[in-house]
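Descriptive structure summary
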Amino acid sequence: MANTMSTHAMTTDDHRDRSRHLRKKSHRLIPGGSHTYAKGDDQFPEQVPAVISHGKGCHVWDLDGREFIEYGMGLRAVALGHAFAPVVDAVTRELSRGTNFTRPSPIELECAEQFLELVPSAEMVKFCKDGSHAVDGAVRLSRAYTGRDLVAYCSDHPFFSTSDWFIGTTEMKAGVPEAIRRLVVTFRYNDLSGLETLFAEHPGQIACVIMEPARTEEPEPGYLEGVKRIVHANGALLAYDEMITGFRWNKRGAQHLYGVTPDLSTFGKALANGFSVSALAGRREFMRLGGSDHDGERVFLLSTTHGAETHELAAAMATMRFYDNNPVVDTLYARGERLRRGFESAVQDHGLTGYVDLASRDCNLLFGTKDTEKRPSQAFRTLFMQELVNRGVIAPSFVVSYSHTEPDVDRTIEVVHQALHTYRLALENGVENYLIGRSVKPVFRRCS
Ligand SMILES: Cc1ncc(COP(=O)(O)O)c(C=O)c1O
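The model shown is predicted, which means the values in this text are computed figures rather than measured ones.

Lining the immediate surroundings of the ligand are Asp130, Gly131, Ser132, Phe159, Phe160, Glu212, Asp241, Met243, Ile244 and Lys269. Within the backbone of Phe159, a nitrogen or oxygen atom sits 3.3 Å from a nitrogen atom of the ligand. Take Asp241: an N or O atom from its side chain is 2.5 Å from a nitrogen atom of the ligand. For the shell around the ligand, the residue count by class is four nonpolar, two polar and four charged.

This is how it looks when you write it as C-alpha cells:
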C-alpha cells in the first residue's frame, strides 16, 4: 500500500472545490445525489471523497489519486475484494459470448446446480438482480401458497425490501397507501412468546414470517427452532433473509451454521462479489408454484428482462467456486477478530468503554458511538468517521472482505487509536469543537 498517511494529511483547496462541484452536480441530476441512499452524502462526514474512482482488493482511490482502506465494500456485496481477478476473468470471458438471448443460456442451469449444492436446504432456486426482488418473491409465494395476506417481519432487522409492503412501515413511507401498510405486522428477535401472541392476534391471517437468521444479536438456544415450530403450527411459511449472513456467517448460509432450515431463503450481496445476482431458494413444494408442473394457480415468481444475464451468473459461479476452494469465511472471521481485538484494546486505552463499541460477528463488525450520556449519537458517529477518513480509512462499519490483509487491519487499528484520541477530547470539550461540518443522518427519516 502507498503511504496513505502522507497522501491524506493534505486535502488541497483544489480537491475540496472539485468535490464540492461534483456533489452539487450529483444532487442536481440525481435525487439524493446517489442512486443508493446508503451511499449518500448524508451517510458520511463531509471529508469523505465525493466519489470513488476505482478499487483493488480492499483499497479504493478518489479522483485525486488519494488511497483509502475501505470497509463494508459495496454495501457488503464485495466480500472477496474489488476487481477480484477470478471473478473479473469469468465475467470477461462471458461478455464476449453475448449476455442475453431469446432463450435461456446453459449457464442458468449450471449456476442453479452449483447454488443448490452449496445451500442444501433448497431444492429449487430462481435468480434475479437484487435482494429486494428476491424477498418480494418470497412474500408473493407465501401469500399464494397460504391464501393469506399478512406478512410478519422481525422489527429488530432494519431492511428487507424496497417494495411498498416494507417501505410503508418505515419513516420514509410517503407514496405508500395505508391499505398496504396494514398488511404488515412485526415481532421482536429472541422473543418466542411475542411471536406466539402475534399469531394469536391474527389467527389464520399471517402468510409468512421473514427474518434474518441473526444480525447483531445471536439467537438464544432453541429460538430459531421455536420460531420454525410456531410458524408451522400456525400454517405459515418461514423465510430467512440471508442477504447479509449468506456467504459471510458460513458459505452455506446462517441456516447451515445454526442448523435450522427455513421454507424459503433469499441471498444476494456477496453471492456474486458485487455483481448483481440475487436468489430466492426453497423447498420444491413451494417454489414449484412459480412453474407450470402443477394444477393449481400459477404464481408470477421473479421474471425480468435482465434477471439471468450470463456474465452476472458467471460472476456468481466464479464466486461460489472461490468460496469452495479457499478459506474465505475463515479469513473473514480471522481478520475481523484481529480488528476487534485491536479496536477493543484501543477503546480501553482511551477510557472509552461504554462510549464506543462493536456489535455482531467478527465477519460483520458494526461500530456504535455514544455521547457523554452514553446515548447513541450521530454527531459522534460522524466525528469518528471523520477522523478515520482523514487518515485514509473509509468505514461506515468494520465489515471486512477476503482482501483485507493483516497489514490493512493493523493500519486500521493505528488509525482507530488516533480517532479515539479525538473522540475522548470531544467527550471532554464538546463534539462541536472537533466536528468539521454537519452530522450524518439516518436514511429512514420523514423529512430532510
Ligand atoms: C437484510 C437485507 N435484505 C434485503 C436487502 C435488499 O437488497 P437490495 O438492496 O439488493 O435490494 C438488503 C439490502 O441492504 C438487506 O440488507
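Here the focus is the sheet that holds strand S2 (residues 59–61). The strand order across the open sheet formed by four strands is S1-S2-S3-S13, and the pairing between neighbours is mixed. In this open sheet, the two edge strands, each paired with only one partner strand, are strand S1 (54–56) and strand S13 (393–394). The pairing of S1 with S2 spans three bridges and is antiparallel. Paired with His54 across the bridge in S2 is Trp61. Here helix H16 (residues 406–429) sits on the sheet and contacts S2, strand S3 (67–70) and S13; the angle it forms with S3, its principal contact strand, is near 100°.

Now for the confidence of the model for the chain. Scored by pLDDT, the chain has a mean of 95; 97% of the residues are at 70 or more. Throughout residues 1–7 the model reports pLDDT below 50, and contacts reaching past four residues in sequence, or to other chains, amount to 12 contacts.

Bringing the sheet that holds strand S6 (residues 184–187) into the picture now. The strand order across the open sheet built from seven strands is S4-S10-S9-S8-S7-S5-S6, with neighbouring strands paired in mixed fashion. Two strands bound the open sheet, and with one partner strand each, they are strand S4 (124–128) and S6. Averaged over all pairs of adjacent strands, the angle between their axes in this sheet comes to 20°, without regard to strand direction.

Both faces of S3 are covered, namely the face carrying Glu67 and Ile69 and the face carrying Phe68 and Glu70. Both S2 and S3 contribute to a ladder of three bridges, which runs antiparallel. By the bridge assignment for S3, Val60 is matched with Phe68. Note that S3 and S13 share two bridges and pair parallel. Considered in S13, the bridge of Glu70 is made with Ile394.

Let us look at unusual backbone geometry. With phi around 50°, Asn273 is a residue other than glycine that occupies positive phi space. Tracing the backbone shows Asn273 in the loop between strand S9 (264–267) and strand S10 (278–282). For Lys374, which is not a glycine, the phi torsion comes out positive at approximately 65°.

Conventions adopted
- Residues numbered from 1 in each chain as written.
- Predicted model: local features only at pLDDT ≥ 70, side-chain atom pairs only at ≥ 80, totals over all residues.
- Heavy atoms only, no water.
- Near = heavy atom within 4 Å.
- Polar contact = N/O pair within 3.5 Å; in protein donor to acceptor, adjacent residues only side chain to side chain.
- Nonpolar A, V, L, I, M, F, W, Y, C, P; charged D, E, K, R; others polar.
- Pairing = 2+ DSSP bridges.
- Helix = DSSP H or I, 4+ residues; strand = E, 2+ residues; numbered from the N terminus.
- Contact = heavy atoms within 4.5 Å.
- Axes fitted to C-alpha atoms, helices over the stretch in contact; angles between N-to-C directions.
- pLDDT = per-residue confidence, 0-100.
- Buried < 20%, exposed > 50% of the residue type's maximum accessible area, 1.4 Å probe, protein only.

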